[in-house]
Amino acid sequence: KAGVTQTPRYLIKTRGQQVTLSCSPISGHRSVSWYQQTPGQGLQFLFEYFSETQRNKGNFPGRFSGRQFSNSRSEMNVSTLELGDSALYLCASSLWGALDNEQFFGPGTRLTVL
Amino acid sequence: QKEVEQNSGPLSVPEGAIASLNCTYSDRGSQSFFWYRQYSGKSPELIMFIYSNGDKEDGRFTAQLNKASQYVSLLIRDSQPSDSATYLCAVNGGSYIPTFGRGTSLIVHP
């Protein structure tokens, strides 16, 4: 069974630009969650999508948004990039939800904002 | 703000010893608790989850939960060098948002 895939793996952007990250969950998984990981703040929950609907949202500004398609693939968008957005962005998929059972994490997208 | 606290370590134990990792949380409404392992440069992988007070064992790993004292721990028996990693505690707070601790670095030396 294929694991969670994320594209691209690495990204370099400049301040003010926007970026879109993609996540393909494990086949059959309907929940996709997004996380930001930085050395200073650790792993922080961004939002979760289930069956194309945002189910939960963490404490991040509106510049961070996402969506999920009917095939459960998800995208995350960050607009007006700031230096502090440099981080590893991880997505995780699960059958029913981030808090109900096991999540499987993708390899992440390393975003660098210059 | 809901918090999950872990000692950052590093926790250094000899091979074959028991490693004890601890985590405290602030939200009394927390329902489920998870331990993840993250190797350097890799993504987290789930080791165990626990919902009820008491112990839950899986191979060399035992998770312990005490809701009254608001702590959850992970014991690793017969520690191996391959267990050297950062261990993340995650808690499902009453707001249904997963909150992660910053992790404890474990070093198992031969």
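Rules used in this analysis
- Residues numbered from 1 in each chain as written.
- Chains lettered and ligands numbered in written order.
- Predicted model: local features only at pLDDT ≥ 70, side-chain atom pairs only at ≥ 80, totals over all residues.
- Heavy atoms only, no water.
- Phe/Tyr/Trp six-rings, centres within 6.5 Å; stacked < 30°, edge-to-face > 60°.
- Helix = DSSP H or I, 4+ residues; strand = E, 2+ residues; numbered from the N terminus.
- Buried < 20%, exposed > 50% of the residue type's maximum accessible area, 1.4 Å probe, protein only.
- Lys NZ or Arg CZ within 6 Å of the ring centre and 35° of its normal.
- Pairing = 2+ DSSP bridges.
- Axes fitted to C-alpha atoms, helices over the stretch in contact; angles between N-to-C directions.

## Overview of the packing of aromatic side chains
All chains considered together, the criterion is met by twelve aromatic pairs over all chains. Plain terms: the ring middles of A:Y35 and A:F45 are 5.7 Å apart, the flat faces sit at 70 degrees to each other, and that makes the pair edge-to-face. Taken together, the residues span a long stretch of sequence, with A:Y35 in strand β4 (residues 31-38) and A:F45 in strand β5 (residues 42-50) at a distance of ten residues. The same class applies to A:Y35 as to A:F45, namely buried. Grouping aromatic residues by their ring pairs yields a cluster made of A:Y35, A:F45, A:F105, B:F34, B:Y36, B:F49, B:Y51 and B:F100. For the cation-ring pair, A:R55 lies above A:F50, with the distance from its terminal atom to the ring centre recorded as 4.3 Å.

## Topic: the sheet that holds strand β8 (residues 71-76) of chain B
The strands that make up a sheet pair up through hydrogen bonds in the backbone, lying either parallel or antiparallel. Residues and elements named next belong to chain B. Read across the open sheet, the five strands follow the order β1-β3-β8-β7-β6; overall the sheet is antiparallel. Each edge of the open sheet is held by one strand with a lone partner, namely β1 (4-6) and β6 (54-58). Put simply, the sheet's adjacent strands are angled 20 degrees from each other on average, direction ignored. Looking at chain direction, β1 and strand β3 (residues 19-25) are connected through three bridges and run antiparallel. Considered in β3, the bridge of V4 is made with Y25.

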